[in-house]
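One letter stands for each residue in the lines below.
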Amino acid sequence: MCGIVGVLAQGPVAGSIVAALKRLEYRGYDSAGIATLEDGRLQRRRAEGKLKNLEAKLVAEPLGGTIGIGHTRWATHGKPTETNAHPHAARGLAVVHNGIIENFKALREELAAKGFGFATETDTEVAALVVEDEMASGKTPVEAVSAALKRLRGAFALVYLFEGEEDLLIGARQGAPLAVGYGDGEMYLGSDALALAPFTDRVAYLDEGDWVVVTRKGAEFHDAAGKVVQRRVQVSPAGSLLAEKGNYRHFMAKEIHEQPEVVGHTLAHYIDMSAMRLKPFDWPVDPKTLSKVTIIACGTAHVAGLVGKYWIERFARLAVEIDVASEFRYREAPVDPNGLTIVVSQSGETADTLASLKYVKEHGSKTIGVVNVPTSSIARLTDVAAPTLAGPEIGVASTKAFTCQLAAMAALALGLGKARGTLSDAEEATLLAELVSTPALIAEALKLERATEKIAQAVARARDVLYLGRGTSYPLALEGALKLKELTYIHAEGYAAGELKHGPIALIDQAMPVVVIAPHDPVFEKTVSNMQEVAARGGWLILIGETHAKAEAAVEIEHFLPMPEVGANFAPIVYAVPVQMLAYYTAVIMGKDADQPRNLAKSVTVE
Ligand code: M6R
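Procedures and definitions
- Residues numbered from 1 in each chain as written.
- Predicted model: local features only at pLDDT ≥ 70, side-chain atom pairs only at ≥ 80, totals over all residues.
- Heavy atoms only, no water.
- Helix = DSSP H or I, 4+ residues; strand = E, 2+ residues; numbered from the N terminus.
- Rg over C-alpha atoms; globule rule 2.2 N^0.38 Å.
- Buried < 20%, exposed > 50% of the residue type's maximum accessible area, 1.4 Å probe, protein only.
- Contact = heavy atoms within 4.5 Å.
- Areas by Shrake-Rupley, 256 points an atom, 1.4 Å probe, with all protein chains shown as cover.
- Lys, Arg positive; Asp, Glu negative; His and termini not counted.
- Charge placed at Lys NZ, Arg CZ, Asp CG, Glu CD.
- Expected span 1.5 Å × (residues − 1).
- Polar contact = N/O pair within 3.5 Å; in protein donor to acceptor, adjacent residues only side chain to side chain.
- Near = heavy atom within 4 Å.
- Axes fitted to C-alpha atoms, helices over the stretch in contact; angles between N-to-C directions.
- Parallel < 35°, antiparallel > 145°, perpendicular 65-115°, else oblique.
- Nonpolar A, V, L, I, M, F, W, Y, C, P; charged D, E, K, R; others polar.
- Phe/Tyr/Trp six-rings, centres within 6.5 Å; stacked < 30°, edge-to-face > 60°.
- Lys NZ or Arg CZ within 6 Å of the ring centre and 35° of its normal.
- Domains from an automatic or database assignment.
- Buried area = accessible area lost by both parts, 1.4 Å probe.
- Salt bridge = Lys/Arg side-chain N within 4 Å of Asp/Glu carboxyl O.

### Some thoughts on the overall build of the protein chain
And then number 1: Each helix and strand in the protein chain was counted, giving 20 helices and 27 strands.
And then number 2: Against the globule reference of 25 Å for 607 residues, the protein chain gives a C-alpha radius of gyration of 24 Å, in line with a compact fold.
And then number 3: Taken along its principal axes, the extent of the C-alpha atoms in the protein chain is 75 × 50 × 50 Å.
And then number 4: Here the protein chain holds 607 residues, and 61% of them are scored as buried.
And then number 5: A separation threshold of at least 6 residues defines the contact pool for the protein chain, and within that pool the share at least 24 residues apart is 71%.
And then number 6: Of the accessible surface of the protein chain, which amounts to about 22,300 Å², a share of 51% is contributed by carbon and sulfur atoms.
And then number 7: For the protein chain, the distance from the average position of its 61 positive side-chain charges to the average position of its 73 negative side-chain charges is 1 Å.

### Points about helix α9 (residues 299–316)
And then number 1: In a regular helix each residue adds 1.5 Å, so 18 residues correspond to 26 Å; α9 covers 25 Å between its end C-alpha atoms and thus fits that length.
And then number 2: When you tally the buried positions in α9, you get 14 out of 18 residues, the bulk of the element.
And then number 3: Arg317 lies just past α9 and shows a positive phi near 50°.

### Brief notes about the environment of Asp464
And then number 1: Within the element layout of this structure, Asp464 appears in strand β23 (residues 464–469).
And then number 2: Measuring from C-alpha to C-alpha, the distance between Asp464 and Ala225 comes to 40 Å, with 239 residues separating the pair along the chain.
And then number 3: Residues in contact with Asp464, not counting those within four places in the same chain, are Ile490, His491, Met512 and Pro513.
And then number 4: Only 3.1 Å separates the side chain of Asp464 from the side chain of Arg463, close enough to count as a polar contact.
And then number 5: Within the local environment of Asp464, its side chain forms a polar contact with the side chain of His491, the two groups lying 2.8 Å apart.

### Quick word on the environment of Val307
And then number 1: Considering the arrangement of structural elements, one finds Val307 in helix α9.
And then number 2: When its relative accessible area of 0% is taken as the criterion, Val307 is described as buried.
And then number 3: Along the chain, Val307 and His559 lie 252 residues apart, while their C-alpha atoms are 26 Å from each other.

### A look at the site of the ligand
And then number 1: Around the ligand, 13 residues are found, and the nearest of them are Ser345, Gln346, Ser347, Thr350 and Glu486.
And then number 2: Thr350 is positioned with one of its side-chain polar atoms (N or O) 2.5 Å from an oxygen atom of the ligand.
And then number 3: Within the backbone of Ser398, one N or O atom sits 2.8 Å away from an oxygen atom of the ligand.
And then number 4: The protein chains hide 91% of the 420 Å² of surface that the ligand would expose on its own.
And then number 5: Looking at the shell around the ligand, the elements with two or more residues in it are α9 and α17 (473–488).
And then number 6: The leading source of residues in the shell around the ligand is α9, at three residues.

### Thoughts on the packing of helix α8 (residues 259–270) against helix α15 (residues 438–445)
And then number 1: In contact at an axis separation of 8 Å, α8 and α15 are set at 170° when each is read in the N-to-C sense. Accordingly, the angle class assigned to the pair α8 and α15 is roughly antiparallel. Facing α8, whose interface residues are Gln259, Pro260, Val263, Gly264 and Leu267, α15 presents Thr438, Pro439, Ile442 and Ala443.
And then number 2: Along the lines of polarity and charge, the residues of the contact of α8 with α15 split into six nonpolar, three polar and no charged.

### Some points on the packing of aromatic side chains
And then number 1: Applying the stated criterion across every chain yields a total of eight aromatic pairs.
And then number 2: Where Tyr188 meets Phe199, the ring centres are 4.7 Å apart and the plane angle is 10°; that geometry is what we call stacked. Of the two residues, Tyr188 sits in strand β10 (residues 187–190) while Phe199 sits in the loop between α6 (193–196) and β11 (202–205), which places them 11 residues apart along the sequence.
And then number 3: Phe199 gets classed as partly exposed once you look at its relative accessible area, which sits at 22%.
And then number 4: Following the ring pairs from residue to residue traces out a cluster consisting of Tyr270, Phe281 and Trp283.
And then number 5: Here Lys50 stacks its cationic end above the ring of Tyr29, 4.2 Å away from the centre of that ring.

### So, the domain arrangement of the protein chain
And then number 1: For the protein chain, the domain assignment lists domain 1 (3–241), domain 2 (251–436) and domain 3 (448–607).
And then number 2: Each of domain 2 and domain 3 has a C-alpha centre, and the two are 25 Å apart.
And then number 3: Taken together, the 40 residues of domain 2 in the interface contact 35 residues of domain 3.
And then number 4: Contact between domain 2 and domain 3 buries roughly 3,000 Å² in total, counting both sides, with carbon and sulfur atoms accounting for 65%.
And then number 5: Summed over the three residues of domain 2 that lose the most area to domain 3, namely Met252, Val396 and Glu434, the buried surface amounts to 21% of that side.
And then number 6: Taken together, domain 2 and domain 3 are joined by zero salt bridges.
And then number 7: The interface formed by domain 2 and domain 3 includes 13 residue pairs in polar contact (both at pLDDT 80 or more).
And then number 8: At the level of secondary structure, the elements contributing two or more residues to the side of domain 2 that touches domain 3 comprise α7 (251–257), α8, α9, α11 (351–362), α13 (400–420) and α14 (425–436).
And then number 9: The element best represented in the side of domain 2 that touches domain 3 is α9, accounting for nine residues.

Structure follows, in structure tokens:
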């Protein structure tokens with residue numbers, strides 16, 4: 001993941017910026033750079049590869065200046081070259097960026113039509129040029145950034161530096177984190193508090209949609225509407241910074257909010273965003289000769305695998321068998337030595353998943369591990385790693401690891417389809433465009449937080465809750481019920497909506513909420529029929545669907561969460577968010593420990 005830093009100091013800043021960037025190295029990167037103002041003029045130094053290359057450059061060509069920005073780049077749009085390294089410059093300004101500017105192609109065309117030229121292949125350059133464009137009409141830097149942010153879509157954090165402005169940095173957060181550090185007559189910006197630890201332990205975090213004007217005197221925060229707002233300055237002891245909750249009450253809330261960023265990074269691992277093509281993948285077995293895929297996992301990772309089954313069957317026309325690891329490992333399943341087994345695990349240490357992996361390997365299957373911890377036992381034992389880039393997940397209930405598992409499974413399913421010739425180039429491009437829009441849609445879905453909290457007030461009074469969904473929303477119904485059970489201890493069941501009339505419909509009464517997950521996909525109308533069956537029996541419906549879904553259902557719906565318009569194929573990546581928030585807020589309202597539910601362990605390394 002990219003890391004960003006900004007420093008307003010009393011003395012030279014180049015060394016401090018490099019020191020802060022070193023603390024962001026853990027995020028992974030392939031080039032780095034810094035920009036400062038020397039006598040008011042923008043100067044940059046950038047280098048491919050590790051920070052030592054940038055440091056060598058700074059020894060050969062030192063940079064003065066008491067204000068500057070820095071960046072470690074993890075390439076998404078364009079190769080990891082010096083030209084594509086940040087900071088990116090436009091006339092009179094430079095910018096560093098973490099995330100994805102989703103509408104960069106449209107903005108490039110718009111800017112090109114106005115006569116702007118481009119020096120790089122990156123999406124970031126447009127974030128610099130739109131500010132230049134705004135300033136060209138006479139706006140101040142603050143007015144220009146405020147206007148430019150309205151033109152950018154995607155999930156990102158940005159820090160801007162302006163020529164001639166020795167006491168001004170402007171930062172913005174939309175789906176990727178940004179922290180402001182308070183020093184003594186000095187101020188800092190960074191992707192996280194860890195980067196700022198050498199300078200200060202007093203840190204404030206931007207909320208979603210915020211932008212901030214930073215001078216040596218302090219920081220003025222604005223919300224998405226431009227209103228000046230206060231953000232709490234908190235003291236973070238250096239030792240606890242990796243396990244930092246930021247503005248959030250629980251790690252789970254923080255991790256839910258990190259999803260636009262981490263899903264974006266996971267997707268960027270598999271997709272060349274500039275070309276809108278899948279990157280080459282090192283398949284351990286020729287996808288063309290495959291007759292079957294087996295997916296094995298536990299808990300939430302198993303739910304991600306189940307969604308993956310739908311996708312692999314749909315896009316790659318391959319039969320997929322899926323099992324929970326605790327069953328698979330003991331049922332003496334025949335293993336096809338020409339087959340492919342995909343194991344999914346956040347921790348990479350789950351005992352049953354690890355044992356199942358060893359079993360299939362002993363029986364000759366090639367393996368792929370969709371794993372979040374790259375050094376884990378499962379990651380090391382699988383033939384090929386398909387990493388999720390969720391970062392450390394502290395909350396026991398899996399949230400961001402789940403959506404990153406979905407992102408990786410989607411990329412694998414499309415990759416298998418492409419390699420097997422069941423997807424054309426045109427279909428690949430269309431599906432990838434839909435897939436890469438999910439981080440921004442997650443950011444949209446996060447805006448339903450207050451509405452979800454209100455619904456949670458009602459759910460907290462229930463004894464049982466039923467979750468329904470069809471197609472890829474069926475696994476999500478399972479996930480909703482699992483999240484609610486583990487966090488609130490309320491009994492919950494997830495069902496395929498079509499199965500309702502085969503039994504669970506007997507449970508319907510006015511006391512049991514029925515959560516229906518109904519994106520606008522090809523089975524939406526079928527799900528509407530199931531809602532009507534519930535309503536006809538006086539059931540209590542909570543609908544999660546697009547704005548028009550409530551009217552189309554034409555039944556009495558007690559609670560409605562109006563979701564943004566999401567393409568039908570990858571809806572679970574976005575619909576996971578309200579499902580997670582509903583469980584989280586119900587737990588908070590009930591006074592339960594959302595981060596460490598009773599009886600549960602984060603990593604189940606025993607049988
Ligand atoms: O580390 P893993 O992904 O292998 O863990 C699997 C399950 O233990 C895990 O997903 C569990 O179900 C979570 N508590 C769900 O929130």
